[in-house]
Amino acid sequence: MNAIAEATRPPKPSSRSFDPGEFLDAETFESRLRRIGAERYHNLHPFHKLLHSGGCSHAQVQAWVLNRFYYQSRIPLKDASLLSRAEDLDLRREWRQRIEDHDGHAGNEGGIERWFVLAEAVGLDRDYVASTEGILPATKFAVEAYVRFVREKSLLEAVASSLTELFAPKIHEERIAGLLEHYDFANDRTIAYFTNRLNEAPKDVKFGLAYVIREARTREQQEQVMAALRFKTDVLWAQLDALYHAYVAPGHIPPGAFVPDGHSGEVHHRVGAVADAKP
Ligand SMILES: O=C(O)c1cc(C(=O)O)c2c(n1)C(=O)C(=O)c1cc(C(=O)O)[nH]c1-2
């Protein structure tokens, strides 16, 4: 290459050329994390708006409960993989409780069992749910991507990816109120999964938030934490996109996925609830 061509050649892209900027103080860092939730959390998804306002048909509620089971069933696996890499005793002590919250222990049947109670209340067969047959392919891909992320990324990014739970209590409150108001199957027993999470999630996020604020020691690591949180909001959003596409509009159920009985949009709402919003 001659001298002129050499001089005018665009610079080689370099993976190191990105300047992450100044280190953020704890308050700014936390507010950036919270902003990610305000802009990207799945409470903003149209499927959740439909569900919480009583706009879902019985079939759509079943599809949501079934698909969300896949997420529930994989959370202890991703937590176990994080635990297996944690050399820090405090982190292990804290994190193992998450597995117990979902899997249960003496005196606590656990979140997975509570999810089965919800599934049966909406008319799904427990064995069918447990088999994970009928789960949408995109739900599986999204959830498996989360499990793999936690297994393969740094411990800091793995912890950060759980921080969507910062925003979960608000959505659980909306859901509890919305389900109780609009759907016949909802009562204290059948939605106990969500009321329990209101007690469990705050301690998880308190620990997780303090951990990332303490352990992200450079701006680059702070950017990794924010990227992990954005990734996780994508994992949640993609599951609802798949659900909406298959069971709301345009209603293309992929081969092998759950087909509700008499997929006609039959509605079991409380009297006076919002009419079925199926298109
Ligand atoms: O209902 C929800 O919207 C919702 C969201 C999330 C979340 O933000 O990932 C979790 C939960 N629920 C939940 O119940 C739960 O146990 C949970 C664990 C985790 C996690 O990433 O470790 N997220 C969530």
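Just so you know, the residues in each chain are numbered from 1, in the order the chain's sequence is written. Residue-level local features of this predicted model are given only where pLDDT is at least 70; pairs of side-chain atoms are given and counted only at 80 or more, and the full residue set underlies all totals for whole chains, interfaces and linings. The side-chain figures draw on all heavy atoms in the structure; neither hydrogens nor water molecules are used.

Caption draft 1: Just the site of the ligand, in detail. Any residue with at least one heavy atom within 4 Å of a molecule or strand is counted as near it. Neighbouring the ligand are 19 residues, the closest being Tyr71, Tyr146, Arg175, Tyr193 and Lys232. Side-chain atoms alone can form a polar contact between residues adjacent in sequence; in general such a contact is a pair of N or O atoms within 3.5 Å, and within protein one must be able to donate a hydrogen while the other accepts it. Within the side chain of Arg175, an N or O atom sits 2.7 Å from an oxygen atom of the ligand. All accessible areas in this document rest on Shrake-Rupley with a 1.4 Å probe, and a residue is counted as covered only by the protein chains that are shown. Bound to the protein, the ligand loses 99% of the 470 Å² it would expose on its own. For the shell around the ligand, the secondary structure elements donating two or more residues are helix 4 (58-85), helix 5 (89-103), helix 10 (168-182), helix 11 (192-215) and helix 12 (219-247). Strands are runs of DSSP state E lasting at least 2 residues, helices are runs of H or I lasting at least 4, and numbering of each runs from the N terminus. Ranked by residues supplied to the shell around the ligand, first place goes to helix 4 with four residues.

Caption draft 2: Highlighting the side chain of Asn43. Among the secondary structure elements, Asn43 is positioned in the loop between helix 2 (26-40) and helix 3 (46-52). Between two residues, a contact is recorded if the distance between any of their heavy atoms is within 4.5 Å. Aside from chain neighbours lying at most four places away, what touches Asn43 is His48, Lys49, Lys170 and Ile171.

Caption draft 3: Structural context of the environment of Ile213. Following the sequence through the fold, Ile213 ends up in helix 11. Sequence-wise, Ile213 and Leu156 are 57 residues apart; in three dimensions their C-alpha atoms are separated by 9.9 Å. Apart from residues no more than four positions distant in its own chain, Ile213 is found in contact with Ala26, Phe29 and Glu30.

Caption draft 4: Focus on unusual backbone geometry. For the peptide bond that leads from Ala249 to Pro250, omega is 0°, which places it in the cis range. Even without glycine at this site, Thr132 takes up a positive phi of about 60°. Relative to the elements of secondary structure, Thr132 occurs in the loop between helix 7 (126-131) and helix 8 (137-152).

Caption draft 5: Region of the structure containing the nonpolar core. We define a nonpolar core as any set of buried Ala, Val, Leu, Ile, Met, Phe, Trp, Tyr and Cys residues linked to one another through side-chain atoms lying within 4.5 Å. Think of it in three bands: residues with accessible area under 20% of the maximum for their type are buried, residues over 50% are exposed, and the middle band is partly exposed, with areas taken using a 1.4 Å probe on protein chains only. With 77 residues, the main nonpolar core has Leu33, Val65, Phe194 and Val212 as its most contacted residues. If sequence neighbours within four positions are ignored, Phe194 has contacts with Trp64, Trp115, Leu118, His172, Arg175, Ile176 and Leu179.

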